[in-house]
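Here's the letter readout for the chains.
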Amino acid sequence: MNPFEYARPTTEAEAIDFLNDHGGQTAVLSGGTDLMNLLKRDVVQPQRVVDIKHVSSMNGIQRVDDGVLIGANVTLDQALAAHELVEYQSLLQVIDGHRSIQMQGMGTLVGDLCQMPSCWYFRNGYGLLALKDGASLVEQGDNRYHAIFGNSGPAKFVSASRFAPGFIAWEAKVRVIGPQPTQEEFVPLEYFFATPKTNTQGVTILKPGQLVTHVWLPIAKPTMKSAAYEVLESNGLDRPQAAASVCLNVQSDIVREARIVLGHVAPTPWIAHEAARALVGHKVTEDTVSHVADIAVSRATPLSMNDYKVQMTRAAVKRALLRAVDQLDPELV
Ligand SMILES: Cc1cc2nc3c(=O)[nH]c(=O)nc-3n(C[C@H](O)[C@H](O)[C@H](O)COP(=O)(O)OP(=O)(O)OC[C@H]3O[C@@H](n4cnc5c(N)ncnc54)[C@H](O)[C@@H]3O)c2cc1C
């Protein structure tokens, strides 16, 4: 592991100060479940690691006038126990799907949003674009876990975040501060993720010296129904091969508004706009969800070894929609 300085700020202003030294060659440490692995393998080599766990303004979950604010230090199990989040079922279902007490106790929701891809070429030092001698290792090699959407450019990994699809379906925003001490912005999460075109670009819009302090969720109207469905290979700690999160406004059994967001299928969370539009004005039935799921995957462009993910994504959309209206066979959860 490369040597680095360790900084432990107690305020947001101090965190920004620490992050902006060393020309921004710094990294935010939250639960550390992902960052520590990257440091140990020298995949990232910051000159300073800034541990935000002692910044008290980033602790806890609180109701605010227009919704709920979740601090960057909130762990998965704190979120699971929080009464403020009971209406946001899709997010709780994803936490439950982690099936690892260690990960739930240490990992944070914001760390999940900001984590780097689990692409094996990236984790073995070939960069986000996985290039060797200018050629794409993903195109030529084992691409079974790679993208089936948004993969026409050089980036072919899949976004690793498990919570982003659910948060985006709920139209969440993230509070980003820095790099200037007074700079603060609420960014809709759907615009937070980025597809890099070079190995020096990241997977989010965060610039050096910036960090996320909170996630904001809008008030859940009583007519909103949400659910998630992740296709996992094993019953233990695992990363989904495909996932869908949905958020529906259902009145008198008819869907008035719909958001469908796919995970682990593209370099960013993938919003299925066309599929969501096809659901509006209809009841959620086996027939409508089959039709909507067909639309959701109709523009997939699988690589040489991951055609199977198209069917998994289709099933995830179908099951998330049925789960949202309590029509999914409990055996399938
Ligand atoms: C053994 C192991 C197995 C795992 N298995 C799975 C799995 O099966 N499924 C799965 O989904 N995940 C898995 N993970 C990943 C882990 O669950 C998530 O990455 C976790 O939620 C990250 O939270 P954290 O607080 O530990 O983040 P950290 O590791 O502290 O940070 C993750 C990344 O986000 C950045 N970051 C953190 N907080 C902020 C912030 N506030 N602002 C800006 N950037 C920030 C860090 O710099 C780092 O790049 C696994 C991790 C380990 C170690």
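These numbers were taken from a predicted model, which means no experiment stands behind them.

Draft legend 1. Representation of the overall build of the protein chain. Helix and strand content of the protein chain: twelve helices and 14 strands. Taken over the C-alpha trace, the protein chain has a radius of gyration of 20 Å; the compact-globule value for 333 residues is 20 Å, and the two agree within 12%. Looking at the protein chain residue by residue over its 333 residues, the buried ones come to 54%. Across the protein chain, the fraction of contacts at a sequence separation of at least 24, relative to all contacts at a separation of at least 6, is 67%. Summing over all exposed atoms, the protein chain offers an accessible surface of approximately 15000 Å²; the carbon and sulfur share of this is 50%. Between the centroid of the 29 positive side chains of the protein chain and the centroid of its 35 negative side chains there is a distance of 3 Å.

Draft legend 2. Fine view of helix α11 (residues 286–297). Taking 1.5 Å as the rise per residue, α11 with twelve residues should run 16 Å; its terminal C-alpha atoms sit 17 Å apart, in good agreement. Taken residue by residue, α11 has Thr288, Val289, Ser290, Val292, Ala293, Ala296 and Val297 as its buried positions. Considering only its buried residues, α11 is in contact with β13 (254–263), α10 (273–279) and α12 (308–324).

Draft legend 3. The arrangement of the environment of Gly150 in detail. Position of Gly150 among the secondary structure elements: in the loop between α8 (137–140) and α9 (164–169). Residue Gly150 is classed as partly exposed on the basis of its relative accessible area, which comes to 31%. Excluding anything up to four places from it in sequence, Gly150 contacts Ala155, Pro267 and Trp270.

Draft legend 4. Fine view of the pairing of strand β2 (residues 26–29). Summarising the sheet, β2 and strand β3 (residues 48–51) pair through four bridges and their orientation is parallel. Looking across to β3, one finds that Ala27 is bridged to Val49. Each parallel crossover has a hand, and for β2 linked through helix α2 (residues 35–40) to β3 it is right-handed.

Draft legend 5. Up close: the packing of aromatic side chains. The full count for this structure, using the stated rule, is four aromatic pairs. Arranged with centres 4.8 Å apart and planes meeting at 65°, the rings of Tyr88 and Trp170 form a pair that is edge-to-face. You can see Tyr88 sitting in the loop between α3 (76–81) and α4 (89–97) and its partner Trp170 sitting in the loop between α9 and β8 (173–177), a full 82 residues away along the chain. Look at Trp170 and you get buried, because its relative accessible area is 3%. Ring geometry for Phe192 versus Phe193: centroids 5.2 Å apart, planes at 85°, classification edge-to-face. When its relative accessible area of 0% is taken as the criterion, Phe192 is described as buried.

Draft legend 6. Fine view of the packing of α11 against α12. Running from N to C, α11 and α12 cross one another at 140°; their axes reach a closest spacing of 9 Å. One way to sum up the angle between α11 and α12 is to call them oblique. For the pair α11 and α12, the crossing hand works out as right-handed. Residues Glu286, Val289, Ser290, Val292, Ala293, Asp294, Ala296 and Val297 of α11 lie in contact with α12, whose contacting residues are Val310, Thr313, Arg314, Val317, Lys318, Leu321 and Leu322. In terms of residue class, the contact of α11 with α12 is made up of nine nonpolar, two polar and four charged.

Draft legend 7. Highlighting the site of the ligand. Close to the ligand lie 27 residues, the nearest being Val28, Thr33, Thr108, Arg162 and Asp238. Within the contact set of the ligand, an oxygen atom lies 2.6 Å away from a backbone nitrogen or oxygen of Val28. Ser30 has a polar backbone atom sitting 2.8 Å from an oxygen atom of the ligand. Notes on the ligand: free accessible area 980 Å², of which the protein chains cover 88%. Every element with two or more residues in the shell around the ligand is listed here: β2, α2, α6 (109–114) and β10 (211–218).

Draft legend 8. Seen up close, the nonpolar core. Judged by nonpolar contacts, the single largest core of 46 residues is most densely connected at Ile70, Leu85, Leu113, Phe163, Phe167, Val174 and Leu217. Those elements giving two or more residues to this core turn out to be α1 (12–20), β5 (67–71), α3, α4, α6, α9, β8 and β10.

Draft legend 9. Main features of the sheet that holds β3. In spatial order, the strands read β1-β3-β2; together these three strands make up an open sheet with parallel pairing. The outermost strands of the open sheet, each flanked by one partner alone, are β1 (5–7) and β2. Across the sheet, the mean angle from the axis of one strand to that of its neighbour is 25°, orientation sign disregarded.

Draft legend 10. Main features of the side chain of Gln241. Tracing the sequence through the fold places Gln241 in the loop between β11 (224–231) and β12 (242–251). One polar contact links Gln241 to Glu233, side chain to side chain, over a distance of 3.1 Å. With residues near it in sequence (within four places) discarded, Gln241 still touches Tyr145, Val231, Glu233, His264, Tyr308, Lys309 and Met312.

Draft legend 11. α4, seen in detail. Where burial is concerned, most of α4 is hidden: seven out of the nine residues are buried. Within the sequence span of α4, burial applies to Ser90, Leu91, Leu92, Gln93, Val94, Ile95 and Gly97. If you follow the buried residues of α4, they end up packed against α3, α5 (101–106), α9, β10, β11 and α12. Once α4 finishes, Arg99 follows within two positions and takes phi at roughly 50°, a positive value.

Here is what the cut-offs are and how they apply
One numbering rule holds for all chains: residues counted from 1, following each sequence as written. Where local features are concerned, this predicted model is filtered to residues with pLDDT of at least 70; where side-chain atom pairs are given and counted, the filter is 80 or more; whole-chain, interface and lining totals use all residues. Excluded from the side-chain calculation are hydrogens and water; included are all heavy atoms of the structure. Numbering of helices and strands starts at the N terminus; helices are DSSP runs of H or I of at least 4 residues and strands are runs of E of at least 2. Two things to know: the radius of gyration comes from C-alpha atoms, and the globule rule equals 2.2 Å times the number of residues to the power 0.38. Using a 1.4 Å probe on the protein chains alone, a residue whose accessible area is under 20% of its type maximum counts as buried, one over 50% counts as exposed, and one in between counts as partly exposed. Here, residues are in contact when the closest pair of their heavy atoms is within 4.5 Å. Each accessible area is a Shrake-Rupley estimate made with a 1.4 Å probe; only the visible protein chains count as cover when residues are assessed. His is not counted, nor are the chain ends, whereas Lys and Arg count as positive and Asp and Glu as negative. Where a charge lies is defined by one atom per residue type, namely NZ (Lys), CZ (Arg), CG (Asp) and CD (Glu). Multiply 1.5 Å by the residue count of a helix minus one, and that product is the helix's expected span. Paired strands, in this sense, are two strands between which DSSP finds at least two bridges. Crossovers are described as right-handed under a simple rule: with the strands pointing away from the observer, the path leading from the first strand over the helix to the second runs clockwise. Stacked, edge-to-face and tilted are the three classes for Phe, Tyr and Trp ring pairs, Trp counted by its six-membered ring, which pair at centre distances within 6.5 Å; planes under 30 degrees apart are stacked, over 60 edge-to-face, the rest tilted. To get an axis, fit a line to the C-alpha atoms, keeping to the stretch in contact for a helix; angles then go from 0 to 180 degrees between the N-to-C directions. Geometric relationships in this document are graded by angle, where less than 35 degrees denotes roughly parallel, more than 145 denotes roughly antiparallel, 65 to 115 denotes roughly perpendicular, and other angles denote oblique. Take the far helix as your reference; a near helix turned counterclockwise from it by less than a right angle gives a left-handed crossing, and one turned clockwise gives a right-handed crossing. Gly is placed with the polar residues, together with every amino acid not listed as nonpolar (Ala, Val, Leu, Ile, Met, Phe, Trp, Tyr, Cys and Pro) or charged (Asp, Glu, Lys and Arg). Proximity criterion: a residue is near a molecule or strand once any of its heavy atoms comes within 4 Å of it. Counted as a polar contact is a pair of N or O atoms within 3.5 Å, where, for protein atoms, one must be capable of donating a hydrogen and the other of accepting one, and residues adjacent in sequence contribute only when both atoms are in side chains. Buried residues of nine kinds, namely Ala, Val, Leu, Ile, Met, Phe, Trp, Tyr and Cys, make up a nonpolar core once their side-chain atoms join them within 4.5 Å.

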